[in-house]
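# Structural overview
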Amino acid sequence: LGLRGNSKHVETMKKHEIEPIDMVVVNLYPFKETIARPYCTFEYAIENIDIGGPAMLRSAAKNFQSVTVITDPADYSIVLSEMKSSAGEVSYKTNMTLASKVYTATSGYDSMIADYLAKQIKNQG
């Protein structure tokens, strides 16, 4: 995700015919729900760790000045409403708020996985 205010980034994007990304929407794998299943195996739990989603969310949130990033479906209507009322734009404040939510969500997601793995280690004795 190139910085639109950085002339070198813009030049490189043009050179390689890369279009800027305006919005990233990612729903992470439901790890919490997966491990809550009574017969969830360790292998199935590991398979349901989302690795690409958090990376995309974090990189988009880093560029919140020009990228709208959504990880919570409850925010879809907020963003859509703002876009309808402002010729397709999303405000800096909304983008910053959404970026903050991304880091809260991804840190919680990582903590949940770390806790799960620690529990598995403890149970192995």
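Residues numbered from 1 in each chain as written. Predicted model: local features only at pLDDT ≥ 70, side-chain atom pairs only at ≥ 80, totals over all residues. Heavy atoms only, no water.

### Focus on the nonpolar core
Quick note on the threshold: Nonpolar cores were defined as sets of buried Ala, Val, Leu, Ile, Met, Phe, Trp, Tyr and Cys residues, with membership established by side-chain atoms within 4.5 Å. Burial here depends on accessible area, computed with a 1.4 Å probe over protein chains only, as a share of the maximum for the residue type. Under 20% is buried, over 50% is exposed, and the range in between is partly exposed. Counting from the N terminus, the helices are DSSP H or I runs at least four residues long and the strands are E runs at least two residues long.
Ranked by internal contacts, the top residues of the largest apolar core, which has 17 residues, are V24, F31, L57 and V69. Within the residue set of this core, elements represented by two or more residues are α4 (52-62) and α6 (92-124). Top element by residues in this core is α6. It accounts for five residues.

### A short note on the packing of aromatic side chains
Inclusion rule: The criterion for an aromatic pair is that two Phe, Tyr or Trp rings (for Trp, the six-membered ring) have centres within 6.5 Å, with stacked assigned to planes under 30 degrees apart, edge-to-face to planes over 60 apart and tilted to the rest.
Counted by the stated rule, this structure contains four aromatic pairs. Ring geometry for F31 versus Y109: centroids 6.4 Å apart, planes at 65°, classification edge-to-face. Remark: Y109 occurs in helix α6 and F31 occurs in helix α2 (residues 31-36); sequence separation between them is 78 residues. Classification of F31 by relative accessible area gives buried; the value is 1%.

### Examining unusual backbone geometry
For E17, which is not a glycine, the phi torsion comes out positive at approximately 55°. The topology assignment puts E17 in the loop between α1 (7-15) and β1 (23-25). Judged by relative accessible area, E17 falls into the exposed class, the value being 71%. If you check the backbone angles, A87 has positive phi at about 55° while not being a glycine. As for its placement among the helices and strands, A87 is situated in the loop between α5 (76-85) and α6.

### Description of the confidence of the model for the protein
Put simply, the rule reads: pLDDT expresses, on a scale from 0 to 100, how confident the predictor is about each individual residue.
Within the protein, residue pLDDT values average 95, and 98% of them lie at 70 or more. At the level of individual helices and strands, the protein shows its lowest average pLDDT in α1, which scores 91, and its highest in strand β2 (residues 68-70), which scores 98.

### A closer look at the packing of α4 against α6
Each pair of packed helices gets described by two things: the angle between the helix axes and the distance between those axes. Defined as follows: Inter-axis angles, ranging from 0 to 180 degrees, are taken between N-to-C directions of lines fitted to C-alpha atoms, where helices are fitted over the stretch in contact. Oblique is the label for every angle not falling under 35 degrees (roughly parallel), over 145 degrees (roughly antiparallel), or within 65 to 115 degrees (roughly perpendicular). Should the near helix be turned anticlockwise from the far one by less than a right angle, the crossing is termed left-handed; should it be turned clockwise, right-handed. Whether two residues are in contact is decided by their heavy atoms, any of which lying within 4.5 Å being enough. Three residue categories are used. Nonpolar comprises Ala, Val, Leu, Ile, Met, Phe, Trp, Tyr, Cys and Pro, charged comprises Asp, Glu, Lys and Arg, and polar comprises the others, including Gly.
The interhelical angle for the contact between α4 and α6, taken along N-to-C directions, is 150°, at an axis separation of 9 Å. By the criterion of interaxial angle, the relationship of α4 to α6 is roughly antiparallel. Between α4 and α6 lies a crossing whose hand is left-handed. Only A99, V102, Y103, T106 and Y109 of α6 make contact with α4, whose side of the interface consists of P54, L57, R58, A61 and K62. Here the contact of α4 with α6 is built from residues that sort into seven nonpolar, one polar and two charged.

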